[in-house]
Amino acid sequence: MNRKIVIAGNWKLHKTNQEALQLANQIKIKNTHIKKAGIIICPPFTALSEVHSVVKDCNVALGAQNVYWEKQGAFTGEISAGMIKSTGAVYAIIGHSERHQYFGETDETVNKRINAALEAGLKPIVCVGETLEEREKNITAQVVTRQIKGAFAGMSADAMKNIIIAYEPVWAIGTGKTATPDQAQEVHALIRQLISKEFGNAVADNIVIQYGGSVKPDNAESLLGQKDIDGALVGGACLDADSFTAIIAAAEKLLQA
Ligand code: PGA
């Protein structure tokens, strides 16, 4: 199996169109030499089309931060997978813990969004992860198992080839507390096992499982060096072109080793 590492930047609620163009340009210019690591940036919906005009012919792919599951209709304020696809985006983050925390996301709505994204030809980056309370109760494995089973219920092995999974312990997001490489590796191995059981070894061996939660230039290499950590979903550190680029450089270095 070829080792893959994919670094995605989740811009969250940051950047006007002008600011987004500037950041996308800097990321593009600073990473022209990157050959092996995958790079994805996920600006807000409003900036997708403009950012696409910057990155369309380079090694930086574009993603959205959410999708709604209906194709069209009276759903004021929502954005369909087809609309996102039409901007040139290829990926969509689905089920981020902030969507669970503030916007009523459930395992079931995650599943609907994944199906809608796949149908429109988008590749979902599906987030799972336990809260601090769940970790302290020692139920991380149960929680992640439930989330994985719920998210991918009814999915075919073929469809799973277009999926990226991001393991993001909620207690590590935006807190500066990173899971140790061993803590992360343990859950990544569990996720790969679950995928293998449900969809077979070939899917499990090839699926990209990213880690997310306070990934920074100084911890990227040790996290990405773990056997089952195939990338990072980066929040805070992706808003600065230099720190995002340093994380990508750590991935490229590991791939060239
Ligand atoms: P963080 O966010 O890197 O700021 O912790 C990660 C994420 O929420 O995807």
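Residues numbered from 1 in each chain as written. Predicted model: local features only at pLDDT ≥ 70, side-chain atom pairs only at ≥ 80, totals over all residues. Heavy atoms only, no water.

Focus: helix α12 (residues 241-256)
Let me state the cut-off plainly: The helix count covers DSSP runs of H or I at least four residues long, the strand count covers runs of E at least two residues long, and both are numbered beginning at the N terminus. The span you would expect from a helix comes to 1.5 Å times its residue count less one. When a residue's accessible area, from a 1.4 Å probe over protein chains only, is under 20% of the maximum for its type it is buried; when over 50% it is exposed; and in between it is partly exposed.
Its 16 residues place the ends of α12 22 Å apart at the C-alpha level, agreeing with the 22 Å of an ideal helix rising 1.5 Å per residue. For α12, every residue scored as buried is listed here: Ala241, Ser243, Phe244, Thr245, Ile247, Ile248, Ala250, Ala251, Glu252 and Leu255.

Digging into the nonpolar core
Rule in force here: The definition of a nonpolar core used throughout is a set of buried Ala, Val, Leu, Ile, Met, Phe, Trp, Tyr and Cys residues joined through side-chain atoms within 4.5 Å. Residue contacts are counted whenever heavy atoms from the two residues lie within 4.5 Å of one another.
In this structure, Ile7, Ile41, Ile114, Phe152, Ile165, Ile191 and Ile195 are the most contacted members of the largest nonpolar core, which totals 73 residues. Every residue in contact with Ile114, bar those within four places of it in the chain, is listed here: Ile94, Pro124, Val126, Ala151, Phe152, Met155 and Ile163.

Here we look at the packing of aromatic side chains
Filter applied, for reference: Only Phe, Tyr and Trp rings are paired, with Trp represented by its six-membered ring, and only when their centres lie within 6.5 Å; those with planes under 30 degrees apart are stacked, over 60 edge-to-face, the remainder tilted. Here, a charge over a ring means that NZ of Lys or CZ of Arg falls within 6 Å of the ring centre while also lying within 35 degrees of the ring normal.
Following the criterion strictly, the structure yields four aromatic pairs and no others. Ring centres of Tyr68 and Trp69 lie 4.5 Å apart, and the angle between their planes is 35°; on these two criteria the pair is classed as tilted. We classify Trp69 as partly exposed; its relative accessible area is 22%. Ring centres of Tyr68 and Phe75 lie 5.4 Å apart, and the angle between their planes is 50°; this geometry places the pair in the tilted category. Residue Tyr68 is classed as buried on the basis of its relative accessible area of 13%. Accessibility expressed as a relative area gives 33% for Phe75, which makes it partly exposed. Among the aromatic residues, those joined into a cluster by ring pairs are Tyr68, Trp69 and Phe75. If you follow Arg99 out to its NZ or CZ, it ends over the ring of Phe103, 4.1 Å from the centre.

Structural notes on the side chain of Gln65
Spelled out, the test is: The definition of a polar contact used here is a pair of N or O atoms within 3.5 Å, where within protein one atom must be able to donate a hydrogen and the other to accept one, and adjacent residues in sequence count solely through side-chain atom pairs.
Within the secondary structure layout, Gln65 lies in the loop between β3 (60-64) and α3 (81-85). Polar side-chain contacts of Gln65 include one of 3.1 Å to the backbone oxygen of Lys12. Within the structure, Gln65 has its side chain in polar contact with the backbone oxygen of Cys42 (distance 3.0 Å).

So, the site of the ligand
To be explicit about the condition: Consider each residue's heavy atoms; a residue with any of them within 4 Å of a molecule or strand counts as near. Values of accessible area rely on a 1.4 Å probe in the Shrake-Rupley scheme; residue burial ignores everything except the protein chains shown. Any residue that is not Ala, Val, Leu, Ile, Met, Phe, Trp, Tyr, Cys, Pro, Asp, Glu, Lys or Arg is counted as polar, Gly included; the first ten are nonpolar and the last four charged.
What surrounds the ligand is a group of 13 residues, the closest being Lys12, His96, Glu168, Gly174 and Ser214. Gly174 is positioned such that a nitrogen or oxygen atom in its backbone is 2.6 Å from an oxygen atom of the ligand. Interatomic distance of 2.8 Å between a backbone N/O atom of Gly235 and an oxygen atom of the ligand. Here the ligand loses 97% of its free accessible area of 280 Å² to cover by the protein chains. Partitioned by chemical class, the residues of the shell around the ligand number four nonpolar, seven polar and two charged.

Considerations on the pairing of strand β1 (residues 6-10)
In plain terms, the rule: A strand pair is defined by DSSP finding two or more bridges across the two strands.
With respect to burial, β1 is a largely interior element, five of its five residues being buried. Both faces of β1 are covered, namely the face carrying Val6, Ala8 and Asn10 and the face carrying Ile7 and Gly9. Here β1 pairs with strand β2 (residues 38-42) via five bridges, running parallel. Bridging from a neighbouring strand, Ala8 pairs with Ile40 of β2.

Let's talk about the environment of Glu186
Within the fold, Glu186 resides in helix α9 (residues 181-199). Among the residues examined, Glu186 registers a relative accessible area of 58% and is labelled exposed.

Some details on the packing of helix α11 (residues 217-224) against α12
We count it as follows: Helix axes use the C-alpha atoms of the stretch in contact, all axes being lines fitted to C-alpha atoms, and the angles between their N-to-C directions lie in the range 0 to 180 degrees. For classification, angles of less than 35 degrees are called roughly parallel, those exceeding 145 degrees roughly antiparallel, those between 65 and 115 degrees roughly perpendicular, and all remaining angles oblique. Less than a right angle of anticlockwise turn of the near helix away from the far helix marks a crossing as left-handed, whereas a clockwise turn marks it as right-handed.
Closest axis-to-axis distance for the α11/α12 pair is 9 Å, and the angle between their directions is 25°. Here α12 runs roughly parallel to α11, going by the angle between their axes. As α11 packs across α12, the resulting crossing turns out to be right-handed. Between α11 and α12, the residues in contact are Pro217, Ala220, Glu221 and Leu224 and Ser243, Ala246, Ile247, Ala250, Ala251, Lys253 and Leu254, respectively. Class assignment for the residues of the contact of α11 with α12 results in eight nonpolar, one polar and two charged.

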